[in-house]
Amino acid sequence: MNTALTIAGSDSCGGAGIQADIKTMTCNGVYAMSAVTALTAQNTTGVSGIMEVTPEFLKEQIKMVVTDIFPDAVKTGMVASSQLIQVIVEAIKTYQLKNIVVDPVMVATSGAKLISDEAINTLCNELLPVATLITPNIPEAEVLFEQKIQSEADMETAAKAINAKYGCAVLLKGGHSLNDANDYLYDGKEGTWFYGKKIDNPNTHGTGCTLSSAIASNLAKGKSLKDSVKAAKDYISGALATMLDLGKGSGPMNHAYVIK
């Protein structure tokens, strides 16, 4: 059985973070493992507390996983400090981990910055260059591109510029700021648009985590980057289309819709 490792924070309400990653990986047919970067106290209305793990403990978690069950792909999510990012980069190099999908969680869709400038610099300078694929939303891509992105043409220009600067493939997510769910993939040679289905569902908690985990799962199974993105887009559309409605805020998707 193919395997995948998520390195991310815990979401106590189960809609995002490692909980979403594990559900997604399982439903996409791979064995899921995790290394936790932080515990959060949160629900669909917000986050009330965060407890970050130490760099030493994150290093030990990754070591114990990869020296026993080697992952065919790795997905990283929100990592809030430079020290934790450096642990991940060191592990990627030491264990020669492959199929690295980085969800560069830096800026919320609202525009609020989620990690420090120091951590953003470490993410950009050390983690992105060893990534196979990064999956920024528009605000995150604007940080990397250092310019505003206001059209689909801008998305194409930004993805190519980010690829040229950091050497990784880029899946730039359009989101509601530009289009419904149209994403642009640039792999260093060619660009591909993926057009998502319009689904009128306000419950979108964890969509970024889910998409990146689904891509990592399909890479773990040996699919090409383009086919992995397409399969992931189809999966997330299905998870949204079941119209799960839980919680008082922006609720989670039905990750297990494929299980009858």
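Overview of the structure. (Residues numbered from 1 in each chain as written. Predicted model: local features only at pLDDT ≥ 70, side-chain atom pairs only at ≥ 80, totals over all residues. Heavy atoms only, no water.)

### Here's the deal with the overall build of the protein chain
- Regarding its fold elements, the protein chain presents nine helices and 10 strands.
- Its C-alpha atoms give the protein chain principal-axis dimensions of roughly 40 × 40 × 35 Å.
- The burial tally for the protein chain puts 53% of its 260 residues in the buried class.
- Residue pairs at least 24 apart in sequence account for 68% of intrachain contacts in the protein chain once pairs closer than 6 positions are excluded.
- Carbon and sulfur atoms provide 52% of the accessible area of the protein chain, an area that totals close to 11600 Å².
- For the protein chain, the centre of its 21 positive side-chain charges and the centre of its 26 negative side-chain charges are spaced 5 Å apart. (Helix = DSSP H or I, 4+ residues; strand = E, 2+ residues; numbered from the N terminus. Buried < 20%, exposed > 50% of the residue type's maximum accessible area, 1.4 Å probe, protein only. Contact = heavy atoms within 4.5 Å. Areas by Shrake-Rupley, 256 points an atom, 1.4 Å probe, with all protein chains shown as cover. Lys, Arg positive; Asp, Glu negative; His and termini not counted. Charge placed at Lys NZ, Arg CZ, Asp CG, Glu CD.)

### Brief notes about a nonpolar patch on the surface
- A cluster of nonpolar side chains, Met1, Tyr31 and Ile69, forms an exposed patch at the surface whose accessible area comes to about 350 Å².
- Within the secondary structure layout, isoleucine 69 lies in the loop between helix H2 (55–66) and strand S5 (73–76).
- On the basis of relative accessible area, isoleucine 69 is assigned to the partly exposed category, the value being 33%. (Patch = residues over 30% accessible without salt bridge, like charges linked within 9 Å, V, L, I, M, F, W, Y side chains within 5 Å. Salt bridge = Lys/Arg side-chain N within 4 Å of Asp/Glu carboxyl O.)

### A closer look at helix H3 (residues 82–94)
- For H3, spanning 13 residues, the distance from its first C-alpha to its last is 18 Å, which sits close to the expected 18 Å at 1.5 Å a residue.
- Listed in full, the buried residues belonging to H3 are Ser82, Leu84, Ile85, Val87, Ile88, Val89, Ala91 and Ile92.
- Taken from the residues just after H3, glutamine 96 is the one with a positive phi, measuring 50°. (Expected span 1.5 Å × (residues − 1).)

### Brief notes about the nonpolar core
- One finds Leu58, Ile62, Leu128 and Ile134 to be the most contacted residues of the largest nonpolar core, which totals 47 residues.
- Setting aside residues up to four positions removed in sequence, leucine 58 forms contacts with Ile7, Ala35, Val36, Thr37, Val53, Leu84, Val87 and Ile88. (Core = buried A, V, L, I, M, F, W, Y, C linked by side-chain atoms within 4.5 Å.)

### Notes on the sheet that holds strand S8 (residues 169–173)
- Taken together, eight strands build an open sheet; the order of strands is S2-S1-S5-S6-S7-S8-S9-S10 and the sheet is mixed. Edge positions in the open sheet fall to strand S2 (31–36) and strand S10 (191–194), since each of these has one partner strand only. (Pairing = 2+ DSSP bridges.)

### Brief notes about the packing of helix H5 (residues 138–145) against helix H6 (residues 152–166)
- Closest axis-to-axis distance for the H5/H6 pair is 10 Å, and the angle between their directions is 50°. Here H6 runs oblique to H5, going by the angle between their axes. In this structure, the crossing between H5 and H6 has a hand that is left-handed. Residues Ile138, Ala141, Leu144 and Phe145 of H5 touch H6, and the partners they reach there are Met155, Thr157, Ala158, Ala161, Ile162, Lys165 and Tyr166.
- Of the residues that constitute the contact of H5 with H6, the class distribution is nine nonpolar, one polar and one charged. (Axes fitted to C-alpha atoms, helices over the stretch in contact; angles between N-to-C directions. Parallel < 35°, antiparallel > 145°, perpendicular 65-115°, else oblique. Left-handed = near helix turned anticlockwise from the far one by under 90°. Nonpolar A, V, L, I, M, F, W, Y, C, P; charged D, E, K, R; others polar.)

### Focus on the packing of H3 against helix H4 (residues 117–127)
- At their nearest, the axes of H3 and H4 sit 9 Å apart, and the two run at 15° to each other. Comparing the axis directions of H3 and H4 gives the class roughly parallel. Viewed along their axes, H3 and H4 form a crossing whose handedness is right-handed. For the pair H3 and H4, contact is made by Ser82, Ile85, Gln86, Ile88, Val89 and Ile92 and by Glu118, Ala119, Thr122, Leu123, Glu126 and Leu127, respectively.
- Residue composition of the contact of H3 with H4, by class: seven nonpolar, three polar and two charged.

### A word on the pairing of strand S9 (residues 183–186)
- The alternating pattern of S9 places Asp183 and Leu185 on one face and Tyr184 and Tyr186 on the opposite face, and all of these are buried.
- The sheet contact formed by S8 and S9 spans four bridges and is antiparallel. Directly across from leucine 172, in S9, lies its bridge partner tyrosine 184.
- In textbook terms, the turn of a hairpin is the stretch between consecutive antiparallel strands, and for S9 and S10 this stretch comprises four residues, one of which, glycine 188, has a positive phi near 105°.

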